[in-house]
Amino acid sequence: MKTVEIKPDIYWVGAIDWAVRDFHGYVTPHGTTYNNYLIKDAQVTLVDSVKHDFASTTIANIKEVVDPSKIVNLIVNHIEPDHAGAIGEIMSVMPQATIYITERGKKGLERYVDTAGWAIKTVKSGDSLNIGKHTLHFLETPMLHWPDSMVTYVKEAKLLISQDAFGQHLATSQRFDDEFLGCYPLFELEDSVKDYYANILMPFGQLIKAKIAEIVKLGLEIDMIAPDHGIIWRGDPGRIIKMYSEMADGKADLAVAIVYDTMWHSTELMTVPIMEGIKDEGVGCKVITLRATPMSVAIKEFWKARATLVGTPTLNNVMFPSVAEFFYHLGGLRPKNRLMGAFGSYGWGGGGVKEASEAIKKMGLEIMEPGMQIIYKPTAEDKIKCYEFGKDFACKVKEYHKKFD
Ligand code: FEO
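Keep in mind the model is a prediction, meaning the values are calculated, not measured.

A. Local environment of the pairing of strand E11 (residues 119–122). Pairing geometry for strand E10 (residues 98–101) and E11, over 4 bridges, is parallel. The residue bridging tyrosine 100 from the neighbouring strand is lysine 121, located in E11. What joins E10 to E11 is helix H4 (residues 103–112), and the crossover it makes is right-handed.

As structure tokens, this is what we get:
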């Protein structure tokens, strides 16, 4: 892989992971990249590392630009192993380098690798490092998305190296947004941004808003945003700032995701007239079968839609296990600004819809009650009721959606 000069004397020296389909449990159908950046200056500086498996790739890339033994600074913006996993190998070819990292990052890094013998300096927001023609400014971004996280702003290059923030799991031969959009549709890029945000950053919307406001207040001139995954925002960096601001404010499509599972197809049979009712009210609708869908995809579809209906059979008086797992994942992501409801089939005592409704309320989301239950298999009359339930829900979605206009 050739390096790419993203700004004069600043090089992408990362790795493209075309093969990864399971990223710590999340599906990555488009692979990903691990981006790190080399600044050729009086003090040669490497910003970030890569995943352990790609240590030799990035070292080979670095060697295309400089002798690694000439690197004197390593900036560690984030210690998660997809970025810091190769630090041991990298430090072995540049043992004289000083690591710059947050205090929390230093403590965390010591848990992952043996840092004995390495020079480590901790930095905090407001600190800077002059390396010659360039000055690096550090800005901590705690819990975006780990406690150690920070970003590095290269003032003279108007470049923000943003670690995970603004990234996407997207392996591509293009390095820049304008290059990518010359070959692929915008939807593909935006969908990857939303997938990443939904599964990783959903809990941190308010922190994101505050951090963007802080960056604006600092008056930083930024004409390129270089995240640690996916494409670099060069053609239109404002696009990703706007997307993040809007998602943090709760932007969603006027649409319903029906997320369900089924035992003997009864709950599944309910989804069809419910979907028809939603559609006939002019609201978009996608039907997601949990058993056939990776969890991170179901979470993405939840995030993209203004509202979600959860369909669950009753099994032993409680929700179906896959539906409970969906709520388990979703609850951890602390969703906001979404409307939900529940439906399902039961055989005798019921309980699945009740438990799903309680799970929705526990997350603090708005809910349309009562949920809809039918006994055993839906009759023709039940299907008409399902259709009306879908229409009612869609009407409520349209009303609720107006709050976000
Ligand atoms: Fe891409 Fe938080 O690591």
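Don't stop here, the text continues.
B. Spatial organisation of unusual backbone geometry. Put simply, leucine 144 and histidine 145 share a cis peptide bond, and its omega is 0°. Position of histidine 145 among the secondary structure elements: in the loop between strand E13 (135–140) and strand E14 (150–154). Following glutamate 369, the chain continues into proline 370 via a peptide bond in cis, with omega recorded as -5°. Checked against the element boundaries, proline 370 lands in the loop between strand E23 (366–367) and strand E24 (372–375). In the Ramachandran plot, lysine 158 falls in the positive-phi region, its phi being about 55° despite a non-glycine side chain. Mapped onto the elements of the fold, lysine 158 is located in the loop between E14 and strand E15 (159–161). On the basis of relative accessibility, which here comes to 30%, the residue lysine 158 falls in the partly exposed class. We note that asparagine 317 has phi near 70°; this positive angle belongs to a residue other than glycine. Along the chain, asparagine 317 falls in the loop between strand E20 (314–315) and strand E21 (318–319).

C. Geometry of the packing of helix H7 (residues 205–218) against helix H8 (residues 237–248). Axis separation between H7 and H8 bottoms out at 8 Å; the angle between their running directions is 135°. When the axes of H7 and H8 are compared, the pair comes out oblique. The handedness of the crossing between H7 and H8 comes out as left-handed. Residues Gly205, Gln206, Ile208, Lys209 and Ile212 of H7 pack against Ile241, Tyr244, Ser245 and Ala248 of H8. Of the residues belonging to the contact of H7 with H8, the class tally is 5 nonpolar, 3 polar and 1 charged.

D. Here's a closer look at the sheet that holds E15. Spatially, E12-E13-E14-E15-E16 is the arrangement adopted by the 5 strands of the open sheet, whose pairing is mixed. Each of the sheet's edge strands pairs with one partner strand only, and the pair in question is strand E12 (128–130) and strand E16 (224–226). For this sheet, the mean inter-axis angle between neighbouring strands, taken without regard to orientation, is 20°.

E. Structural context of the packing of helix H6 (residues 186–201) against H8. It is the contact of H6 with H8, at a shortest axis distance of 11 Å, that shows an interaxial angle of 45°. Relative to H8, H6 is oriented oblique. Taken as a pair, H6 and H8 cross one another with a handedness that is right-handed. For the pair H6 and H8, the contacting residues are Leu186, Glu190, Val193, Lys194, Tyr196, Tyr197 and Leu201 in the first and Arg239, Ile240, Met243, Tyr244, Met247 and Ala248 in the second. Classifying every residue of the contact of H6 with H8 gives 10 nonpolar, no polar and 3 charged.

F. Layout of a nonpolar patch on the surface. Taken together, the side chains of Trp348, Ile375 and Tyr376 present a nonpolar region at the surface, about 420 Å² in accessible area. Looking at where isoleucine 375 falls in the secondary structure, it is placed in strand E24. Its relative accessible area of 43% is what places isoleucine 375 among the partly exposed residues.

G. Spotlight on the sheet that holds strand E8 (residues 44–47). Read from one edge of the open sheet, 7 strands run E1-E2-E7-E8-E9-E10-E11, paired in mixed fashion. Edge strands, defined here as strands with exactly one partner in the open sheet, are strand E1 (4–7) and E11. Taken over all neighbouring pairs, the strand axes of this sheet differ in orientation by 25° on average, direction set aside. The pairing of strand E2 (residues 10–12) with strand E7 (residues 37–39) spans 3 bridges and is classified as antiparallel. Of the residues in E7, the one forming a bridge with isoleucine 10 is isoleucine 39. Sitting on the sheet, H4 is in contact with E10 and E11, with an inclination near 120° to E10.

H. Structural detail: the layout of surface pockets. Counted as a void, the largest pocket has a volume near 320 Å³. Along the walls of the largest pocket sit 18 residues, with Met263, Thr314, Tyr346, Gly347 and Trp348 positioned nearest its centre. The residue makeup of the lining of the largest pocket, split by class, is 7 nonpolar, 10 polar and 1 charged. There is about 230 Å³ of room inside the second largest pocket.

What counts and how
Each chain has its residues counted from 1, running along the sequence as written. In keeping with the model being predicted, local features are shown solely for residues with a pLDDT of at least 70 and side-chain atom pairs are shown and tallied solely at 80 or more, while totals for entire chains, interfaces and linings include all residues. Each side-chain value is worked out from all heavy atoms of the structure, with water and hydrogens disregarded. Paired strands, in this sense, are two strands between which DSSP finds at least two bridges. Each helix corresponds to a stretch of at least 4 residues labelled H or I by DSSP, and each strand to a stretch of at least 2 residues labelled E; elements are numbered beginning at the N terminus. When the strands point away from the viewer, a crossover counts as right-handed if the path from the first strand over the helix to the second runs clockwise. Each residue gets one of three labels from its accessible area relative to the maximum for its type: buried under 20%, exposed over 50%, partly exposed in between, using a 1.4 Å probe on protein chains only. Axis angles are defined between N-to-C directions and span 0 to 180 degrees, where every axis is a line fitted to C-alpha atoms and, for a helix, only to the segment in contact. In these notes the angle categories are as follows: under 35 degrees is roughly parallel, over 145 is roughly antiparallel, 65 to 115 is roughly perpendicular, and the rest is oblique. By definition, any crossing whose near helix is turned counterclockwise from its far helix by less than a right angle is left-handed, and any crossing with a clockwise turn is right-handed. Contacts between residues were defined by any pair of non-hydrogen atoms, one from each residue, lying within 4.5 Å. When residues are grouped by polarity, Ala, Val, Leu, Ile, Met, Phe, Trp, Tyr, Cys and Pro land in nonpolar, Asp, Glu, Lys and Arg in charged, and all others, Gly among them, in polar. The patches reported here contain residues having more than 30% relative accessible area and no salt bridge. Joining distances are 9 Å for like charges and 5 Å for nonpolar side chains (Val, Leu, Ile, Met, Phe, Trp, Tyr). Note that accessible areas follow from Shrake-Rupley with a 1.4 Å probe, and for residues the cover is restricted to the protein chains shown. Each reported salt bridge corresponds to a side-chain nitrogen of Lys or Arg within 4 Å of a carboxyl oxygen of Asp or Glu. Think of a 1 Å grid over the protein atoms and nothing else: a 1.4 Å probe that fits but is trapped marks a cavity, an open set flanked by protein within 12 Å on at least five of seven lines marks a pocket, and residues with an atom within 4 Å of a point count as lining. Grid points are joined across faces, edges and corners, and a volume is the space filled by probe spheres set on the points.

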